[in-house]
Amino acid sequence: MKLIFFDEAKNDGEYPHYHIGGVCVDEAHLGEIEGRINAVAARAFGHSGLVRGTELHAAEIFHRKNHFKEWNDFDSRISLFDEMMQILTVPEVMLIDVQINVGKLWPSQVPEEIAFMFFCERANDLCKARGCLGMLIGDRESDRVAEKHAVTLSGYRASGTSFEFGRDIHNLVDSVHFTHSHLSRFLQLADVYTWLLQFRNRNLRSENFRHRAIFDIWARDDISLAPSKYKEWPRSE
């Protein structure tokens, strides 16, 4: 069994792309990976208890928000990204990257729905290729969103995904499960990965030293965030 934790980065008026990033971990490696993330939290906060005050939330780290407000030293905050990117690199963590280019959609198409469909396909493909089952776990934003995703996955499992070349979904089991991100180190890892996906798209050509600090980590030989499964749609020209 593989557990697939995912998060979303939404489009806005200045950024016409919608992302879903997923981290997939086999049940045999859950304890090891969770221990590594807990160690990051313990070094940062003095303990690794699952409370809001120890949540590793990428946007808050980078922009010095909430419980990172007093972290004035930029290098200390960047070191957290370094540690989390090292965890994202290990072979026991497989990555799924879905990007929807919202500006190319028809007015009737909903980015969130299309992104989730492609994410289900790619997660199913990953599990199918490895001869196993998988379960999706997401960040609980609201009961409405949780129910919507659960009902959607149920439909895909029963009838396949949409579009002309839709796929059968037989390797994802049960429903989509949701919990609050501060209660799951794995969702925090998925948050960092998804934030990094949109960060790269937004800032790849930036010369800002804060942006380059992230890209300098990304460029190191010991860091690889290449996804196991990927979908960009519609493709950029």
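An account of the accompanying structure is given in this report. (Residues numbered from 1 in each chain as written. Predicted model: local features only at pLDDT ≥ 70, side-chain atom pairs only at ≥ 80, totals over all residues. Heavy atoms only, no water.)

What about the packing of helix H1 (residues 30-45) against helix H3 (residues 74-89)?
Okay, so step 1: For the pair H1 and H3, interaxial distance at closest approach is 10 Å and the crossing angle is 175°. By the angle class used here, H1 and H3 are roughly antiparallel. Note on element contacts: H3 touches H1 through Leu80, Glu83, Met84, Gln86 and Ile87, opposite Ile33, Arg36, Ile37, Val40, Arg43 and Ala44.
Okay, so step 2: By residue class, the composition of the contact of H1 with H3 is 7 nonpolar, 1 polar and 3 charged. (Axes fitted to C-alpha atoms, helices over the stretch in contact; angles between N-to-C directions. Helix = DSSP H or I, 4+ residues; strand = E, 2+ residues; numbered from the N terminus. Parallel < 35°, antiparallel > 145°, perpendicular 65-115°, else oblique. Contact = heavy atoms within 4.5 Å. Nonpolar A, V, L, I, M, F, W, Y, C, P; charged D, E, K, R; others polar.)

Quick word on the state of the cysteines
Disulfide: a covalent bond connecting the sulfur atoms of a pair of cysteines.
Okay, so step 1: Counted by the stated rule, this structure contains 0 disulfides.
Okay, so step 2: For Cys127, which is in no disulfide, the shortest distance to another cysteine sulfur is to Cys132 and amounts to 4.3 Å.
Okay, so step 3: On the accessibility criterion, Cys127 (0% relative accessible area) is buried. (Disulfide = S-S within 2.5 Å. Buried < 20%, exposed > 50% of the residue type's maximum accessible area, 1.4 Å probe, protein only.)

Brief notes about the packing of aromatic side chains
Okay, so step 1: Counted under the stated rule, the structure contains 17 aromatic pairs.
Okay, so step 2: An angle of 65° between the planes, with centres 5.5 Å apart, marks the rings of Phe62 and Phe199 as edge-to-face. One end of the pair, Phe62, is in helix H2 (residues 58-63); the other, Phe199, is in helix H6 (residues 185-203), and 137 residues separate them in sequence. With respect to burial, Phe62 and Phe199 carry one shared label: buried.
Okay, so step 3: The interplanar angle of 25° and the centroid separation of 6.3 Å between the aromatic rings of Phe215 and Trp218 together place this pair among those described as stacked. With Phe215 and Trp218 both in helix H7 (residues 209-218) and 3 residues apart, this pair spans about one turn of that helix.
Okay, so step 4: Given a relative accessible area of 7%, Phe215 falls into the buried group.
Okay, so step 5: The exposure class of Trp218 is buried, given its relative accessible area of 15%.
Okay, so step 6: Every member of this aromatic cluster is reached through a ring pair, and the members are Phe62, Phe74, Phe81, Trp195, Phe199, Phe209, Phe215 and Trp218. (Phe/Tyr/Trp six-rings, centres within 6.5 Å; stacked < 30°, edge-to-face > 60°.)

Notes on unusual backbone geometry
Okay, so step 1: Of note, the bond from Trp233 into Pro234 is cis; its omega dihedral lies within 30 degrees of zero at -20°.
Okay, so step 2: You can see Pro234 is positioned in the segment after strand S6 (229-233).
Okay, so step 3: Backbone geometry places Arg64, a non-glycine residue, at a positive phi of 55°.
Okay, so step 4: Its place among the elements puts Arg64 in the loop between H2 and H3.
Okay, so step 5: A relative accessible area of 32% means that Arg64 is categorised as partly exposed.
Okay, so step 6: The phi dihedral of Asn66 is positive, around 50°, even though this residue is not glycine.

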